[in-house]
Amino acid sequence: MNLREVVLQPVAAAEEARFRSLMDAHHYLGALPKIGHTLWYVATWQDQWLALLSFSAAAWKCAARDAWIGWDFRRQYDRLHLIANNSRFLILPEHHVANLASRVLALSERRLAADWPERFGYPLLLLETFVDPQRFHGTIYRAANWQEVGETRGYRRTRTGYSATTSAAKRVFLRPLQAHARACLSRPVLDARYRHGAPHIMLSADQMLSLPECFADIPDPRRGQGRRHPLPTVLAIAAAATLCGMRGYKAISLWAQDLSQQARARFRCRYRNRRYEVPGRTVIREVLVRVDPDALNSALQRWNLQHAEDEGLAVDGKTMRNAIDADGRQTHILGVVGHRSQICYTQKKSAPCP
């Protein structure tokens, strides 16, 4: 076999059943569902299938990877889209040929550089993969110039977060797709060419706890019978959703619905029938339209000073202002509503990303 004649191409829709079947038959982890941002590839030689690869979304958390990059957990949440995980790599049993794996990995790097932005609208800067040391040594990745940076902690991702117990740790390998990938991912402000969608960050437990306290002294404009959800809770959730990139009442309410029970407790949500309840879209809108804008602005400025001074992102108090609608009624235009909102990046001097 002449390895120069090996080609890599995306798996066509008509070939996906065959791809899954071969993965199930020959990969020890079986096939993965094609969910979210995922690309499947097949390596061929003279129309014979030699190898199968799957690239999908990066792991939410990986201490070894994150330490190598040098970012903090808030910045990583907004930059994980720039990393893809080589979630499956299978050389078919009848085609274990010397140097074939390295050839296929090299071809995949070239394909991803073009295919990923064409398919999903943004480029990739880094590839990651996890190797089970009980089965493999990572030789093929080392031969393809991937860098081993440490081990996972053994926690598995589940539908509700991460497993409570650990399993066997896996070795973490990384492969930058650009020479300055590490610097781009870790810089205080992400270069505009790599941003995708609204800014997204994560809040720490302490920041969640502090937001309701921030709004505790703001007068509640609602009638007594319309106060099922405490005002500080509604404002805290709206502000937190904004910090996490949400725009508009619907987006804020959907973000709130996705909060775990633990997070809802930190926001001091209403506790009923052994569960914490979040305010709905109507409640959020009513509060944001009627709350005193000056009081809200002052509270947010105090929170920024106390809890966002050294962070990459903060709510900009200047966006908390009033507007008058066409009927002359006072309408509160907030960063949390998003009609004229912005996230204020803390500017730090740094070299432009190449």
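Residues numbered from 1 in each chain as written. Predicted model: local features only at pLDDT ≥ 70, side-chain atom pairs only at ≥ 80, totals over all residues. Heavy atoms only, no water.

Draft legend 1. Spatial organisation of helix H4 (residues 100–120). Here H4 contains 21 residues, and its C-alpha end-to-end distance of 28 Å stays within 8% of the 30 Å for a straight helix at 1.5 Å per residue. Among the residues making up H4, those that are buried are Leu100, Ala101, Val104, Leu105, Leu107, Ser108, Glu109, Leu112, Asp115, Trp116 and Phe120. Immediately downstream of H4, the backbone of glycine 121 shows phi near 95°, a positive value. (Helix = DSSP H or I, 4+ residues; strand = E, 2+ residues; numbered from the N terminus. Expected span 1.5 Å × (residues − 1). Buried < 20%, exposed > 50% of the residue type's maximum accessible area, 1.4 Å probe, protein only.)

Draft legend 2. Structural context of the sheet that holds strand E6 (residues 147–151). Judged by pairing direction, the sheet is mixed, and its 7 strands sit side by side in the order E1-E2-E3-E4-E5-E9-E6 without closing on themselves. This sheet does not close on itself; its edge strands, each paired only once, are strand E1 (7–10) and E6. The sheet shows a mean angle of 30° between the axes of neighbouring strands, direction not considered. Pairing between strand E5 (residues 126–131) and strand E9 (residues 171–176): 6 bridges, direction antiparallel. Looking at the pairing, leucine 127 lines up with arginine 175 of E9. In the packing of helix H1 (residues 16–26) onto the sheet, contacts are made with strand E2 (39–45), strand E3 (48–57) and strand E4 (83–91), and the angle to E3 comes to roughly 90°. (Pairing = 2+ DSSP bridges. Axes fitted to C-alpha atoms, helices over the stretch in contact; angles between N-to-C directions. Contact = heavy atoms within 4.5 Å.)

Draft legend 3. Looking closely at the pairing of E2. Judged by how many residues are buried, E2 sits mostly within the fold: 7 of 7 residues are covered. Burial along E2 is two-sided: the face carrying Leu39, Tyr41, Ala43 and Trp45 and the face carrying Trp40, Val42 and Thr44 are both buried. Pairing geometry for E2 and E3, over 7 bridges, is antiparallel. Bridging from a neighbouring strand, leucine 39 pairs with phenylalanine 55 of E3. The antiparallel pairing of E2 with E3 creates a hairpin that spans 2 residues between the two strands, and glutamine 46 there sits at a positive phi of about 50°.

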